[in-house]
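Structure assessment
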Amino acid sequence: MNGVSDGLDLSSIRLIGTAVTPAVMVSACGIVATGLDNQIARMTTRMREMLREARQLPDGSSRRDLLRQEVVILDRRHAILARAIALTYTALLAFVVTSLLYLTKRQLDIPEPLPVVSFALGVLLLGAVAVLALASLRLSRLAITLEREELFGITRPPPRL
């Protein structure tokens, strides 16, 4: 042999590698959750600013109507991203469970498909998070379009959400 692998149990190394992969996904989930939390915080601040501005405008102001539309959009975005962050934490838990299943595989009689199913669930949940993030971006674009149209005096019927 080559001297390096003489004292190593390759099945243990594979087991560690298999257990570490979900741990890396846990870190990725943490990064995604932080990004989503930052977006939600910025939306909350922006909504408060818009509400403060709307309260200072006279009734019947076209700007006030625009702000109402944007608050509706932000409310939808907030709800979408709140779901996304919940799915992100659920995915994180699925990856933690996957790691624990692999790490205890030798001590407990864990069926082979169980950690694979747990990992796949985490991946599917992150896929759902991506879809929700795209939906949020679409709504963000809609709000920007409303602002642009107001700035340039373009009038259209209110958007359907």
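Residues numbered from 1 in each chain as written. Predicted model: local features only at pLDDT ≥ 70, side-chain atom pairs only at ≥ 80, totals over all residues. Heavy atoms only, no water.

**Some details on the overall build of the chain**
Secondary structure summary: the chain contains 3 helices and 0 strands in total. Each helix and strand of the chain, ordered N terminal to C terminal, gives the series α-α-α. Here the chain holds 161 residues, and the buried ones make up 31% of them. Taking the intrachain contacts of the chain between residues at least 6 apart in sequence as the baseline, contacts between residues at least 24 apart amount to 76%. With an accessible surface of roughly 10,200 Å², the chain has 65% of that area assigned to carbon and sulfur atoms. (Helix = DSSP H or I, 4+ residues; strand = E, 2+ residues; numbered from the N terminus. Buried < 20%, exposed > 50% of the residue type's maximum accessible area, 1.4 Å probe, protein only. Contact = heavy atoms within 4.5 Å. Areas by Shrake-Rupley, 256 points an atom, 1.4 Å probe, with all protein chains shown as cover.)

**Here we look at helix H3 (residues 113-152)**
Helix length check: H3 (40 residues) gives 58 Å between terminal C-alpha atoms against 58 Å at 1.5 Å per residue, within 8%. One or two positions beyond H3, positive phi appears at Gly-153, with a value near 70 degrees. (Expected span 1.5 Å × (residues − 1).)

**Remarks on the side chain of Glu-70**
Within the element layout of this structure, Glu-70 appears in helix H2 (residues 62-103). For the buried Glu-70, no salt bridge exists, and the shortest N-O distance to an oppositely charged side chain is 4.3 Å, to Arg-46. Once you skip the residues sitting within four places of it in the chain, Glu-70 turns out to touch Arg-46, Met-50, Ala-143, Leu-146 and Glu-147. (Lys, Arg positive; Asp, Glu negative; His and termini not counted. Salt bridge = Lys/Arg side-chain N within 4 Å of Asp/Glu carboxyl O.)

**Describing the nonpolar core**
Counting residues in each nonpolar core, the largest one holds 22 residues, and the members touching the most others are Leu-36 and Ile-73. Mapped onto this core, the elements with two or more residues apiece are helix H1 (10-56), H2 and H3. If one sorts the elements of this core by residue count, H2 sits on top with 9 residues. Membership of the second largest hydrophobic core comes to 6 residues, among which are Cys-29, Ala-91, Leu-92 and Leu-126. (Core = buried A, V, L, I, M, F, W, Y, C linked by side-chain atoms within 4.5 Å.)

**Digging into a nonpolar patch on the surface**
On the surface, a cluster of nonpolar side chains totalling about 340 Å² of accessible area is made up of Leu-151, Phe-152 and Ile-154. Checked against the element boundaries, Phe-152 lands in helix H3. Overall, the relative accessible area of 57% leaves Phe-152 in the exposed class. (Patch = residues over 30% accessible without salt bridge, like charges linked within 9 Å, V, L, I, M, F, W, Y side chains within 5 Å.)

**Some thoughts on the packing of H2 against H3**
One can describe the packing of H2 onto H3 by two numbers: an axis separation of 8 Å at closest approach and a directional angle of 165 degrees. When the axes of H2 and H3 are compared, the pair comes out roughly antiparallel. In this structure, H2 crosses over H3, and the sense of that crossing is left-handed. Of the residues contributing to the contact of H2 with H3, the split by class is 28 nonpolar, 8 polar and 7 charged. (Axes fitted to C-alpha atoms, helices over the stretch in contact; angles between N-to-C directions. Parallel < 35°, antiparallel > 145°, perpendicular 65-115°, else oblique. Left-handed = near helix turned anticlockwise from the far one by under 90°. Nonpolar A, V, L, I, M, F, W, Y, C, P; charged D, E, K, R; others polar.)

**Remarks on the pattern of salt bridges**
Applying the stated criterion across every chain, the model contains 7 salt bridges. For Asp-65, the salt bridge goes to Arg-68, with nearest N and O atoms at 2.9 Å. Within this pair, Asp-65 and its partner Arg-68 are both found in helix H2, separated by 3 residues, close to a single helical turn. The class for Arg-68 is partly exposed, based on a relative accessible area of 47%. Bridged by salt links that share partners, the residues Arg-46, Glu-49, Glu-53, Arg-63, Glu-147 and Glu-150 form one connected network.

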